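Listed below are the residues making up each chain.
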Amino acid sequence: YKYAALQATTLLKSVTFQVGRTGSITPVAELEPVQLSGSTISRATLHNEDEIKRLGVMVGDTVFIEKGGEIIPKIVKVVEDKRSADVQPIVFPTECPECGTELIKPEGEVRWRCPNPYCKARMKGTLEHFVSRNAMDIDGMGDSLINALVDEGRLTKFADIYSLQEEELSKREKMGTRSAQKLIAAIEKSKAQPFNRVLFAIGLPQVGVNGSKLLANHFKNIDALTSATYAELVSINDVGDKTAEVLLQTFKTDAYKEMIAELKAIGLTLEEGEAPAVVESAITGKTFLITGTLSVPRKEMEDRITSLGGRLLSSVSKNLDYLIAGEKAGSKLTKAESIGVTVLSEDDFEDLLK
């Protein structure tokens, strides 16, 4: 049994709009501070435009708030009998509140998004993702350095990383000549990352590691991908209607066109190289997804599957043949079992190859 969540009432003074790393726009309620469950609450998420409409909430309303899971403050209801005559409707922006780019909302999506990859509000998180291990893998470019360089205006886009110089970096606090040399070498080395890693690094909306591999393998180069039609995108296994719509809208923006041109000029790999030889095996043509913690690095297992002719998917669906589940497998395992997908342990996978 669970106790009912504690609630409090307070005044909704205004609504601000935050821009996340992927460009998603989140409305945030600015509240008259109130005590709830031992802390002072002055802000609460409104999630998205649909949630605002569902609640029927307006600026100036008195609202009930509670902590979702006893952690995250949220508005649960409007106190209707306290609504005054001067309340104002919450108007969702049509342009990004940070950079002014026109927002997009694919059909069926609940979130509006800023499609500008260089939006300043997105930049720190975007750059942290770009240099991460599964993306461009630029060792030595940590969050604190990225944050400082963005705050200074030195990093405003991906291309700026490739214009950093050893001399300027070595003068930074806690950097030094040796660290600067290693970072410059790592930046230069990243230019050799394959096409699928570059696609993942630039943060295509709703496209993860496996989705990037699927797109790179199908389209072979960035020009073919960015000029693809809706029909071509949804023909790819694991690319659904919503993903196709948001990709089409994203590729049309001037910001993405400019970004691709800059990455081409730098010399990043924007076309698929010759595919490694694939060995015919018992899993050739079968689809796989990995969840949980394995006894080997996940990438090692993924590379082994693809080298034996298997294909990787990024989500559980009717197109999935096998889910390899390690320790602490979560919602993907539950969903796979509910729709009848065959679940394998690592030992089961080895037996499958015999």
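Everything below is about the structure shown above.
Computed from a predicted structure; not experimentally measured. (Residues numbered from 1 in each chain as written. Predicted model: local features only at pLDDT ≥ 70, side-chain atom pairs only at ≥ 80, totals over all residues. Heavy atoms only, no water.)

Colleague: For this particular structure, what's the right way to read the pattern of salt bridges?
Modeller: Two side chains carrying opposite charge are able to pair once their charged atoms lie near each other. Evaluation of the coordinates by the stated rule reveals 15 salt bridges. Across the pair Glu30 and Arg43 runs a salt bridge whose closest N-O atoms are separated by 3.0 Å. Linking Glu30 in strand S2 (residues 25-36) with Arg43 in strand S3 (residues 39-45), this pair joins segments that are 13 residues apart in sequence. Here Lys264 ties to Asp223 by a salt bridge, and the two come within 2.7 Å at their closest N and O atoms. Taken together, the positions of Lys264 in helix H12 (residues 254-266) and Asp223 in helix H9 (residues 222-226) put the pair 41 residues apart, joining distant regions of the chain. (Salt bridge = Lys/Arg side-chain N within 4 Å of Asp/Glu carboxyl O. Helix = DSSP H or I, 4+ residues; strand = E, 2+ residues; numbered from the N terminus.)

Colleague: Looking at this model, I keep getting lost on the environment of Glu167. Mind explaining?
Modeller: Mapped onto the fold, Glu167 is located in helix H5 (residues 166-170). The spatial distance from the C-alpha of Glu167 to the C-alpha of Ala180 is 7.8 Å, given a sequence separation of 13 residues.

Colleague: Before we go on, may I ask you to explain helix H2 (residues 120-130) in this structure?
Modeller: Helical geometry: 3.6 residues make up each α-helical turn, so side chains three or four residues apart lie on a common side. Listed as buried for H2 are Arg122, Met123, Thr126, Leu127, His129 and Phe130. Taken down its axis, H2 places every buried residue within 150° of arc, on the same side. As for H2, its buried residues are in contact with strand S1 (7-19), helix H3 (143-151), helix H4 (158-161) and helix H7 (195-201). (Buried < 20%, exposed > 50% of the residue type's maximum accessible area, 1.4 Å probe, protein only. Arc of directions from axis to C-beta. Contact = heavy atoms within 4.5 Å.)

Colleague: What should I look at first to understand the sheet that holds strand S10 (residues 322-325) in this one?
Modeller: One key point about sheets: their strands pair by backbone hydrogen bonds, in either a parallel or an antiparallel sense. Read from one edge to the other, the open sheet built from 4 strands follows the order S9-S8-S10-S11, with strand pairing classed as parallel. The outermost strands of the open sheet, each flanked by one partner alone, are strand S9 (311-312) and strand S11 (342-344). Strand direction decides the pairing type here: strand S8 (residues 287-291) and S9, joined by 2 bridges, are parallel. Among the inter-strand pairings, Thr287 is bridged to a residue of S9, identified as Arg311. In this fold helix H13 (residues 298-307) packs onto S8, S9 and S10, with an angle of close to 170° to the strand it touches most, S8. (Pairing = 2+ DSSP bridges. Axes fitted to C-alpha atoms, helices over the stretch in contact; angles between N-to-C directions.)

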